[in-house]
Amino acid sequence: MKENEKSIGSFQEKGKKTENEKWRLMMMPQLPQNIYIPQVIIDDILSRLPVISLLRFKSVCKLWHSTISSPSFYKREYELVLAMVMNDPSHLLYSIDDDKGTLVTFPVPWNVEDVSYWDIIVSNSCNGLILIGFGKSLFLLNPSTSHFAKVLELDYLIGADCRTLGLCGLCYDESIKEYKVIMGYSHNHRKYSDGFYAVAGLKEKLWTVISFPLKINYTYQGPVINGRVHWIVYDVVDDDAGGGRDDAGDKIIFFDQYLNVFEELPSPLRKCGCENAIVGLGILGGQLCMARKDNKIYLQGNIEVLVMKKYGKMESWTTMFVVSHLMVDCYAGGLSPLLVTKNGEFLLSINSKEIIAYNPTQESYRKFDIPVVGRWLFAVSLTQSKALLVDYEWDQKRLDYLES
């Protein structure tokens, strides 16, 4: 008897759920069976999503896969600044977007127990990818997807008598669809002119020694524009003793990714006719920009930020704004323009120690809370990328097969 009552009760309960489900379906808005959404609207919606979501949505249908995989898919380049503190015990990366300039932290995407922060190299960004070196290994990081992969080794380059890094960069050769890494090493930390420079493709993974036209004693890691990576150099042609270095560079060079050669970019003329005192390079609004002092006195002078409106044309250098009351130490990283936010603030990296948001209208700035006590801060600006890095990963077995 009890079993029958239980069965009847269960049946009645199922009936209630079925009835409730009918009412819920009746109350839902009825949509047409065949809905047509114009492709332009789909593209606009997808272009606003984070890269990590887009990679997942590629499997929705063939049309979405084709749309997201298209090289011309991104209509709006979402810019951000990525910062990393050398030997940071918290093992965090710091991100600042171009919307409101807000700071976000997230864990590093690698095993912190396997790397030494004292042997770190952080190069420029290229197409949303960042080149990072730990000891004798080079890695690629895609912050948009958190993909991190080893791509090259430096055993061939770093010998017992050649350990001082003078130059490092990542660029892209569109003609062969290949990323290239440029490295420069010296036998003497005082003069980088007695070393050598080499380039390697991330697919071939073969180093080739190339010539360098200048005698320099220091460079900064620089930005990429038109596929070319740029650096500030300190020319010491007339300084055989290796000393007497000025506190600011006087030339801008770039690496031609198609010809594998270094060339000099025209710098703006000084109003007073004296040489330039360049303290940093960057990209603002898709154009190359530079920061220079109005004198070459250590830790003194105003900082003028200029933009090259027509790439390669010396006369197109135009002043954007001038920053005062900042102590810029060129020995410690100088001043690098990173990006401009939607509210008109300019993010600047100062002395590899801090990042500030400068408001040229109010001539004021605010600092970001990044703990850098006794350490170095690496900061680069980049755009989002959907690259998966699979084609560039280090495969020792494959390399051994090719060499045999």
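Residues numbered from 1 in each chain as written. Predicted model: local features only at pLDDT ≥ 70, side-chain atom pairs only at ≥ 80, totals over all residues. Heavy atoms only, no water.

J.: Sorry, what's going on with the overall build of the chain here?
T.: A count of helical and extended segments in the chain gives 5 helices and 25 strands. Counting over 404 residues, the chain shows a buried share of 46%. Total accessible area on the chain is roughly 21600 Å²; 53% of this is exposed by carbon and sulfur atoms. (Helix = DSSP H or I, 4+ residues; strand = E, 2+ residues; numbered from the N terminus. Buried < 20%, exposed > 50% of the residue type's maximum accessible area, 1.4 Å probe, protein only. Areas by Shrake-Rupley, 256 points an atom, 1.4 Å probe, with all protein chains shown as cover.)

J.: Sorry, what's going on with the sheet that holds strand β25 (residues 377–383) here?
T.: Neighbouring strands of a sheet are bound in pairs by backbone hydrogen bonds; such pairs are parallel or else antiparallel. Read from one edge to the other, the open sheet built from 4 strands follows the order β3-β2-β1-β25, with strand pairing classed as antiparallel. Every other strand in the sheet has two partners, leaving β3 (103–107) and β25 as the edge strands with one partner each. Sheet twist, expressed as the average angle between the axes of neighbouring strands with direction ignored, equals 25°. Examined bridge by bridge, strand β1 (residues 79–85) and β25 share 7 bridges and lie antiparallel to one another. Across the sheet, residue Val81 finds its bridge partner in β25, namely Ser381. (Pairing = 2+ DSSP bridges. Axes fitted to C-alpha atoms, helices over the stretch in contact; angles between N-to-C directions.)

J.: Would you mind showing me how to read the side chain of Arg292 here?
T.: Positionally, Arg292 belongs in strand β18 (residues 287–293). On the basis of relative accessibility, which here comes to 3%, the residue Arg292 falls in the buried class.

J.: In this structure, what is going on with the pairing of β18? I would like to understand it.
T.: Every regular strand shows the same layout, with side chains that alternate between the two sheet faces. With 6 of its 7 residues buried, β18 lies for the most part within the structure. Linking strand β17 (residues 278–284) to β18, which pair antiparallel, is a turn of 2 residues; within it Gly285 sits at a positive phi near 60°.

J.: So what exactly am I meant to see when it comes to the environment of His147 here?
T.: Locating His147 in the fold gives a position in strand β7 (residues 147–153). Residues His147 and Leu388, 241 residues apart in the sequence, show an inter-C-alpha distance of 6.7 Å. Setting aside its immediate chain neighbours within four residues, His147 contacts Leu140, Leu141, Asn142, Ala387, Leu388 and Leu389. (Contact = heavy atoms within 4.5 Å.)

J.: Is there a simple way to think about the environment of Val323 in this case?
T.: Mapped onto the elements, Val323 comes out in strand β20 (residues 317–323). Distance in space between the C-alpha atoms of Val323 and Asn302 is 5.9 Å, their sequence separation being 21 residues.

J.: I would appreciate a short explanation of helix α2 (residues 39–47) in the present structure.
T.: One turn of the α-helix equals 3.6 residues, which is why residues spaced by three or four share an orientation. Every buried residue of α2 is accounted for by Ile42, Asp43, Leu46 and Ser47. An end-on view of α2 places all buried positions within 125° of arc, on one side of the element. (Arc of directions from axis to C-beta.)

J.: Would you explain a nonpolar patch on the surface in this entry?
T.: A grouping of Ile35, Ile37, Val40, Ile41 and Ile45 is seen on the molecular surface, where their side chains present a nonpolar patch of about 460 Å² in accessible area. The residue Ile35 is located in the loop between α1 (2–27) and α2 in this model. The class of Ile35 is exposed, set by a relative accessible area of 55%. (Patch = residues over 30% accessible without salt bridge, like charges linked within 9 Å, V, L, I, M, F, W, Y side chains within 5 Å. Salt bridge = Lys/Arg side-chain N within 4 Å of Asp/Glu carboxyl O.)

J.: Would you explain the sheet that holds β18 in this entry?
T.: Spatially, β17-β18-β19-β20 is the arrangement adopted by the 4 strands of the open sheet, whose pairing is antiparallel. Strands at the two margins of the open sheet, each flanked by one partner only, are β17 and β20. Strand-to-strand, the axes of this sheet are offset by a mean angle of 25°, without reference to chain direction. When β18 meets strand β19 (residues 303–308), the two strands line up antiparallel, connected through 5 bridges. Counted as the bridge partner of Met290 is Leu306 from β19.

J.: Just checking my understanding: could you explain the packing of aromatic side chains for this structure?
T.: A ring pair, where both rings are aromatic, is described by two values, the distance of the centres and the angle of the planes. The tally for this structure, following the rule as stated, stands at 9 aromatic pairs. A centroid spacing of 4.5 Å and a plane angle of 45° characterise the contact between Phe321 and Phe346, whose relative ring orientation is tilted. Remark: Phe346 occurs in strand β22 (residues 346–350) and Phe321 occurs in strand β20; sequence separation between them is 25 residues. Each member of the pair, Phe321 as well as Phe346, is classed as buried. Pairwise contacts between aromatic rings join Tyr197, Trp231, Phe255 and Phe262 into one cluster. (Phe/Tyr/Trp six-rings, centres within 6.5 Å; stacked < 30°, edge-to-face > 60°.)

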